[in-house]
Amino acid sequence: MSWIQILRVAFAGGLLLALVACGAPGASGPQIRIVDPWARPAMSGGMSMGEGHGGHGGAATSAVYFVIRNEGDQPDALIGATSDVAEKVELHETRMEGDVAKMVPVPRVEIPARGQVEFRPRGLHVMLIGLRRDLKVGDTFTLTLRFEKSGEKPVTVTVKEMNP
Ligand SMILES: [Cu+2]
């Protein structure tokens, strides 16, 4: 082996060690990932369809959906959200009471360790109340989700028609 070769091997070995060190799970805790955030289209001057219909004293509303994945070994909880596009942002769950769908505010949504929670139509959703602008299909906006342990996580939400 020439000096060059020895240096190469040593360098490659060191690089590998560095990669392993970085890839290893460091501090334990929740590791939150928000998958595929989307919102229903709505007009700021009028009513949106579905969730929010009539429920907020005529204020224009929309709802945001996504999947929250926790790849960490500690649970976390979603405790709130904010966005520039709405005056108020609340966590809601649609529940059936007999055959009437009712929206109930939820103060805290637990995200289990190595688990996921789905926000979807007729279930958990983030309610945008008092829209400041129209949400048209294809628009995007920022929603900041607030977690108990992971802190604030901004996500880009795409406005989409609901899948049939
Ligand atoms: Cu709602």
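Note: the structure precedes this text.
If you're wondering where the values come from, they're calculated on a predicted model, not measured in any experiment. Throughout, a residue's number is its position along its own chain's written sequence, starting from 1. In keeping with the predicted nature of the model, local features appear solely for residues at pLDDT of at least 70, side-chain atom pairs appear and are counted solely at 80 or more, and the whole-chain, interface and lining totals rest on all residues. Side-chain figures throughout are based on the complete set of non-hydrogen atoms in the structure, without hydrogens or water.

Undergrad: Mind showing me how you'd approach the overall build of the protein here?
TA: Within the protein one finds one helix and 10 strands. The way it works is that DSSP assigns letters per residue, a run of H or I at least four long becomes a helix, a run of E at least two long becomes a strand, and they are numbered from the N terminus. In the protein, the order of α-helices and β-strands from amino to carboxyl end is α-β-β-β-β-β-β-β-β-β-β. The buried share among the 164 residues of the protein stands at 37%. In this analysis, two residues are considered to be in contact whenever any of their non-hydrogen atoms come within 4.5 Å of each other. Within the protein, residue pairs in contact and separated by at least 24 positions form 72% of the contacts whose partners lie at least 6 positions apart. Only the protein chains shown count as cover for residues, and the accessible areas themselves come from Shrake-Rupley with a 1.4 Å probe. Taken as a whole, the protein presents about 9600 Å² of accessible surface, with 57% of it coming from carbon and sulfur. Only protein chains enter the accessibility calculation, which uses a 1.4 Å probe. A residue is then buried if its area is under 20% of the maximum for its type, exposed if over 50%, and partly exposed in between.

Undergrad: Help me understand the environment of phenylalanine 147, please; the structure alone is not making it clear to me.
TA: Within the fold, phenylalanine 147 resides in strand β9 (residues 140-147). Here phenylalanine 147 falls in the buried class, since its relative accessible area comes to 2%. Counting along the chain gives 115 residues from phenylalanine 147 to isoleucine 32, while the straight-line C-alpha distance between them is 8.9 Å. Here phenylalanine 147 is in contact with Ile32, Ile34, Ile68, Asp76, Ala77, Leu78, Ile79, Ile111 and Lys153, once residues within four sequence places are set aside.

Undergrad: What exactly am I supposed to notice about the nonpolar core here?
TA: Nonpolar side chains tend to gather and get buried jointly when the protein is soluble and globular. Ranked by size, the top nonpolar core spans 31 residues in total, and within it Val126, Leu128, Phe141 and Leu143 carry the most contacts. Beyond its immediate chain neighbours, meaning those up to four positions away, leucine 143 contacts Val64, Phe66, Ala81, Thr82, Ser83, Val89, Val126, Leu128, Lys153, Pro154, Val155 and Val157. What is meant by a nonpolar core is a set of buried Ala, Val, Leu, Ile, Met, Phe, Trp, Tyr and Cys residues, joined one to another through side-chain atoms within 4.5 Å.

Undergrad: Sorry, what's going on with the coordination of the copper ion here?
TA: In an ideal octahedron of six donors the angles at the metal are 90 or 180 degrees, and in an ideal tetrahedron of four donors they are 109.5 degrees. Metal-coordinating donors are taken as N, O and S atoms lying within 2.8 Å of the metal, or within 3.2 Å when the metal is Na, K or Ca; because water is left out, some sites can appear incomplete. All of the protein donors around the copper ion are His92 (ND1), Met103 (SD), His125 (NE2) and Met127 (SD); their distances to the metal are 2.0 to 2.3 Å. Counting residues between consecutive donors of the copper ion along the chain gives the motif H-x10-M-x21-H-x1-M. Taken as a pair, methionine 103 in strand β5 (residues 100-105) and methionine 127 in strand β8 (residues 124-131) lie far apart in primary sequence, 24 residues in all. On the accessibility criterion, methionine 103 (24% relative accessible area) is partly exposed. Taking relative accessible area as the criterion, methionine 127 reaches 0% and is therefore assigned buried.

Undergrad: Help me understand unusual backbone geometry, please; the structure alone is not making it clear to me.
TA: The general pattern is negative phi for most residues beyond glycine and trans for most peptide bonds. Residues other than glycine seldom take positive phi values, yet aspartate 36 does so here, at roughly 50°. Examined against the element boundaries, aspartate 36 turns out to sit in strand β1 (residues 32-39). On the accessibility criterion, aspartate 36 (48% relative accessible area) is partly exposed. You will see that arginine 114, though not glycine, has its phi angle at about 50°, which is positive. Along the chain, arginine 114 turns up in the loop between β6 (109-111) and β7 (115-119).

Undergrad: Would you take a moment to explain the side chain of threonine 144 for this structure?
TA: Inspection of the secondary structure puts threonine 144 in strand β9. Judged by relative accessible area, threonine 144 falls into the buried class, the value being 17%.

Undergrad: Any chance you could explain the pairing of β7 here in plain terms?
TA: Side chains of β7 alternate between two faces, with Gly115, Val117 and Phe119 buried and Gln116 and Glu118 left unburied. At least two bridges found by DSSP between two strands is the condition for calling them paired. Summarising the sheet, strand β2 (residues 61-70) and β7 pair through five bridges and their orientation is antiparallel. Within β7, the position partnered with phenylalanine 66 by the bridge is phenylalanine 119.

Undergrad: Could you clarify how one ought to interpret the environment of glutamine 31 in this entry?
TA: Within the secondary structure, glutamine 31 is located in the loop between α1 (3-23) and β1. For glutamine 31, a relative accessible area of 44% translates into the label partly exposed. Between the C-alpha atom of glutamine 31 and that of glycine 72, which follows or precedes it by 41 residues, the distance is 4.5 Å. Contacts of glutamine 31, omitting those with residues within four sequence positions, involve Arg69, Asn70, Glu71 and Gly72.

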